[in-house]
Amino acid sequence: AQSVTQLGSHVSVSEGALVLLRCNYSSSVPPYLFWYVQYPNQGLQLLLKYTTGATLVKGINGFEAEFKKSETSFHLTKPSAHMSDAAEYFCAVSDQGTYKYIFGTGTRLKVLA
Amino acid sequence: EAGVAQSPRYKIIEKRQSVAFWCNPISGHATLYWYQQILGQGPKLLIQFQNNGVVDDSQLPKDRFSAERLKGVDSTLKIQPAKLEDSAVYLCASSAWTETEAFFGQGTRLTVV
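No experiment lies behind these values; they were computed from the predicted model shown.

**Student:** Just checking my understanding: could you explain the overall build of chain A for this structure?
**Tutor:** Each helix and strand in chain A was counted, giving zero helices and 12 strands. For chain A, the succession of helices and strands along the chain, N to C, is β-β-β-β-β-β-β-β-β-β-β-β. Computed over its C-alpha atoms, the radius of gyration of chain A comes to 13 Å, within 12% of the 13 Å expected for a compact globule of 113 residues. Along the first, second and third principal axes, the C-alpha set of chain A runs to 40 × 30 × 20 Å.

The following block contains the structure:
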């Protein structure tokens, strides 16, 4: 069965610092991988996704993630944090060809001035 | 294009009462999902529809939860009777087909007291 593990339920970074949010998955076959962002009282917004092809995926708002099959990881990074990046971030996995997600427990990002 | 619409946004009920949530997917989207997001956890899939047929309801607590999607468009999710542990945000999502990206609504926040 598929599963997703997000290390660190809370992450704090200074404005302008590197953002690194960790995600590891468990799947018997290469899955589709996603990062979503959720602002307070809002729905989920897709940041980026990996389905096939290039393993370094660029998303919206300057975020990117790299699919590393050998490490079963899909960590989310952004070179320079902005105050507006403060939100909750969810990593998700699905079987190839479907968008029936299994989500991680989320990481709340706090950006310090 | 208009996004996924959900109503109400907020609902407070007493335990053992019943409640219903409504979702209007993006026009033309054949696939519709209901997710339950308990505070501090990632969203969990409750049910998936393809047009007006159920594809997956394996995680729907059928003794108290029911969902329907008449005419393959709008959907309602009902809880009867509600329990305290049903307090959560209920997210609706839709996609053009099972093989395409899902888009989320803003959710309905249910508080059971």
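Resuming the write-up.
**Student:** Would you mind going over the environment of Thr107(A) with me for this structure?
**Tutor:** All names here are of chain A. Of note, threonine 107 is situated in strand 12 (residues 107-112). Considering only alpha carbons, one finds threonine 107 and alanine 65, 42 residues apart in sequence, at a separation of 15 Å. In this view, threonine 107 contacts Gln6, Leu7, Gly8, Ser9, Val11, Leu21, Ala87, Glu88 and Tyr89; residues no more than four positions away in its chain are not counted. Among the polar contacts made by the side chain of threonine 107, one reaches the side chain of glutamine 6 at a distance of 3.4 Å.

**Student:** How should the pattern of salt bridges be read in this particular structure?
**Tutor:** Where side chains of opposite charge bring their charged atoms close, a pairing between them can arise. All names here are of chain A. This model, assessed by the stated rule, comprises seven salt bridges over all chains. Note that lysine 78 and aspartate 85 form a salt bridge whose closest N and O atoms lie 2.9 Å from each other. Aspartate 85 matches lysine 78 in its accessibility class, with the two residues each being buried.

**Student:** Got a minute to help me understand the pairing of strand 3 (residues 19-24) of chain B in this structure?
**Tutor:** Strand residues, when the strand is regular, have side chains that alternate between the two faces of the sheet. All names here are of chain B. Burial along strand 3 is one-sided: Val19, Phe21 and Cys23 are buried, while Ala20, Trp22 and Asn24, pointing the other way, are not. Both strand 1 (residues 5-7) and strand 3 contribute to a ladder of three bridges, which runs antiparallel. Directly across from glutamine 6, in strand 3, lies its bridge partner cysteine 23. Where strand 3 and strand 8 (residues 75-79) come together, five bridges link them in antiparallel fashion. Within the sheet, the bridge partner assigned to tryptophan 22 lies in strand 8 and is threonine 76.

**Student:** Help me out: how do you make sense of the sheet that holds strand 8 of chain B in this one?
**Tutor:** Strand-to-strand pairing in sheets goes through backbone hydrogen bonds, with the strands running parallel or antiparallel. Residue and element names in this part refer to chain B. Within the open sheet, the four strands sit side by side as 1-3-8-7. Their pairing is antiparallel. Both outer strands of the open sheet, strand 1 and strand 7 (65-68), are each paired with one neighbouring strand and no more. The sheet shows a mean angle of 15° between the axes of neighbouring strands, direction not considered.

**Student:** Would you mind going over the side chain of Ser73(A) with me for this structure?
**Tutor:** Along the chain, Ser73(A) falls in strand 9 (residues 73-78). Leave out the neighbours within four places in its chain, and Ser73(A) touches Cys23(A), Asn24(A), Tyr25(A), Glu66(A), Phe67(A) and Lys68(A).

**Student:** Mind showing me how you'd approach unusual backbone geometry here?
**Tutor:** Keep in mind that most residues, glycine aside, have a negative phi and that most peptide bonds are trans. Here Ser7(B) and Pro8(B) are connected by a cis peptide whose omega angle stands at -10°. Note on placement: Pro8(B) falls in the loop between strand 1 and strand 2 (10-13). With an omega of -5°, the peptide bond between Gln80(B) and Pro81(B) qualifies as cis. Within the secondary structure, Pro81(B) sits in the loop between strand 8 and strand 9 (88-95). Here Thr72(A), not a glycine, exhibits a phi torsion of approximately 45°, which is positive.

**Student:** I would appreciate a short explanation of the nonpolar core in the present structure.
**Tutor:** Across soluble globular proteins, you tend to see nonpolar side chains buried next to one another. Counting 26 residues, the largest nonpolar core has Trp35(A), Leu47(A), Leu48(A), Phe74(A), Leu76(A) and Tyr89(A) as the members making the most contacts within it. Residue assignment for this core shows that the elements contributing at least two residues are strand 2 (10-14), strand 3 (19-21), strand 5 (32-38), strand 6 (44-50), strand 8 (64-68), strand 9, strand 10 (87-94) and strand 12 of chain A. Broken down by element, the residue count for this core peaks at four residues, all from strand 10 of chain A. Core analysis: the next-biggest nonpolar cluster, separate from the first, contains 21 residues, Val4(B), Phe49(B), Leu77(B) and Ala88(B) among them.

**Student:** Mind showing me how you'd approach the interface of chain A and chain B here?
**Tutor:** Where interface size is given, it is often the accessible area lost as the parts come together that is meant. Taken together, the contact between chain A and chain B spans 17 residues of the former and 22 residues of the latter. Of the roughly 1,500 Å² buried between chain A and chain B, counting both surfaces, carbon and sulfur atoms make up 50%. On the chain A side of the contact with chain B, Asn41(A), Tyr99(A) and Lys100(A) bury the most area, a combined 35% of that side's loss. Scanning the region where chain A abuts chain B turns up two salt bridges. With a closest N to O distance of 3.7 Å, Lys49(A) and Glu101(B) form a salt bridge. Applying the counting criterion to the chain A and chain B interface returns five residue pairs in polar contact (both at pLDDT 80 or more). Elements with a contribution of two residues or more to the side of chain A that touches chain B: strand 5 and strand 6 of chain A. With three residues, the single largest contributor to the side of chain A that touches chain B is strand 6 of chain A.

Rules and cut-offs
Residues numbered from 1 in each chain as written. Chains lettered and ligands numbered in written order. Predicted model: local features only at pLDDT ≥ 70, side-chain atom pairs only at ≥ 80, totals over all residues. Heavy atoms only, no water. Helix = DSSP H or I, 4+ residues; strand = E, 2+ residues; numbered from the N terminus. Rg over C-alpha atoms; globule rule 2.2 N^0.38 Å. Contact = heavy atoms within 4.5 Å. Polar contact = N/O pair within 3.5 Å; in protein donor to acceptor, adjacent residues only side chain to side chain. Salt bridge = Lys/Arg side-chain N within 4 Å of Asp/Glu carboxyl O. Buried < 20%, exposed > 50% of the residue type's maximum accessible area, 1.4 Å probe, protein only. Pairing = 2+ DSSP bridges. Axes fitted to C-alpha atoms, helices over the stretch in contact; angles between N-to-C directions. Core = buried A, V, L, I, M, F, W, Y, C linked by side-chain atoms within 4.5 Å. Buried area = accessible area lost by both parts, 1.4 Å probe.

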